[in-house]
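Here is what each chain is made of, one letter per residue.
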Amino acid sequence: RSHCLVTVHVVERSGGKVAKRQCLFVDLAGSERIKKSMVEGQAASQAMSINGSLTALGKVIRALGTGASHVPYRDSTLTMLLRSSFGGRSYTSVVVNIACEPEHVDESCCSLEFGKRLAGVRNRAVVVVGMDQ
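Residues numbered from 1 in each chain as written. Predicted model: local features only at pLDDT ≥ 70, side-chain atom pairs only at ≥ 80, totals over all residues. Heavy atoms only, no water.

Visitor: Just checking my understanding: could you explain a nonpolar patch on the surface for this structure?
Guide: A contiguous nonpolar patch, built from Val6, Val8, Val10 and Phe25 and spanning about 320 Å² of accessible area, is present on the exposed surface. By secondary structure assignment, the location of Val6 is in strand β1 (residues 4–14). A relative accessible area of 40% places Val6 in the partly exposed class. (Patch = residues over 30% accessible without salt bridge, like charges linked within 9 Å, V, L, I, M, F, W, Y side chains within 5 Å. Areas by Shrake-Rupley, 256 points an atom, 1.4 Å probe, with all protein chains shown as cover. Salt bridge = Lys/Arg side-chain N within 4 Å of Asp/Glu carboxyl O. Helix = DSSP H or I, 4+ residues; strand = E, 2+ residues; numbered from the N terminus. Buried < 20%, exposed > 50% of the residue type's maximum accessible area, 1.4 Å probe, protein only.)

This is how it looks when you write it as structure tokens:
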């Protein structure tokens, strides 16, 4: 029960120049309504932590989507780790998974709204090439 982040670093050398790329793959844990799932103890603590980081991520995405002067990246470790993905030189792509069962319609709608807000964040992917040292 947690988020998973995997980073792949790619370095391309050609003619004395070097181009570095970083691919960040993120699998976010789903939010959980603790009263509905009736988890207790460590599972409830994990769910609260996951929900807190997702809330912080939602605030960052809302701030970026509206062009706010302050983006609260420091509100969670997750948002600090994802900061480079929301920078102006990144290409970000998202897949939102939802449940089709009627009892999960509220969570599915929240996930789709999150994806819609994330789609409003605009980036321009840029390849930075430097001299090989």
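What follows picks up the thread again.
Visitor: Explain the nonpolar core here, please?
Guide: The tendency in soluble globular proteins is for nonpolar side chains to be buried as a group. One finds Leu57, Val60, Ile61, Ala63, Val71, Tyr73, Leu78, Leu82, Phe86, Phe114, Leu118 and Val121 forming the largest nonpolar core, which totals 12 residues. For this core, the leading source of residues is helix α2 (residues 42–66), giving four residues. Excluding its chain neighbours within four sequence positions, the residues that come into contact with Val71 are Val60, Ala63 and Leu64. (Core = buried A, V, L, I, M, F, W, Y, C linked by side-chain atoms within 4.5 Å. Contact = heavy atoms within 4.5 Å.)

Visitor: Quick question: what am I supposed to make of the pairing of β1 here?
Guide: In summary, the side chains of a regular strand alternate between the two faces of the sheet. Relative to strand β2 (residues 17–27), β1 runs antiparallel, the two being bridged by 11 bridges. Across the sheet, the residue bridging to Leu5 is Val26, located in β2. Counted along the chain from β1 to the antiparallel partner β2, the turn is two residues long, and its residue Gly15 has a positive phi close to 60 degrees. (Pairing = 2+ DSSP bridges.)

Visitor: What is the right way to read the sheet that holds β2 from this model?
Guide: The strands making up a sheet associate through backbone hydrogen bonding, with each pair oriented either parallel or antiparallel. If you walk across this open sheet you meet the three strands as β1-β2-β3, and the pairing is antiparallel. Pairing within the sheet leaves two strands with one partner each, and these edge strands are β1 and β3 (129–131). Pairs of neighbouring strands in the sheet enclose a mean axial angle of 30 degrees, with direction left out of account. (Axes fitted to C-alpha atoms, helices over the stretch in contact; angles between N-to-C directions.)

Visitor: How do you make sense of the pairing of β2 when you look at a structure like this?
Guide: As defined by bridge partners, β2 adjoins β3 across three bridges and the pair is classed as antiparallel. Looking at the pairing, Val18 lines up with Gly130 of β3.

Visitor: I'm lost on helix α4 (residues 105–119) in this one. Help?
Guide: An α-helix turns once per 3.6 residues; consequently, residues spaced three or four apart project the same way. Its 15 residues place the ends of α4 21 Å apart at the C-alpha level, agreeing with the 21 Å of an ideal helix rising 1.5 Å per residue. If you check which residues of α4 are buried, you get Glu107, Ser108, Phe114, Gly115 and Leu118. Taken around the axis of α4, the buried residues stretch over an arc of 120 degrees, which confines them to a single face. Among the structural elements, α1 (34–37) and α2 are those in contact with the buried residues of α4. (Expected span 1.5 Å × (residues − 1). Arc of directions from axis to C-beta.)

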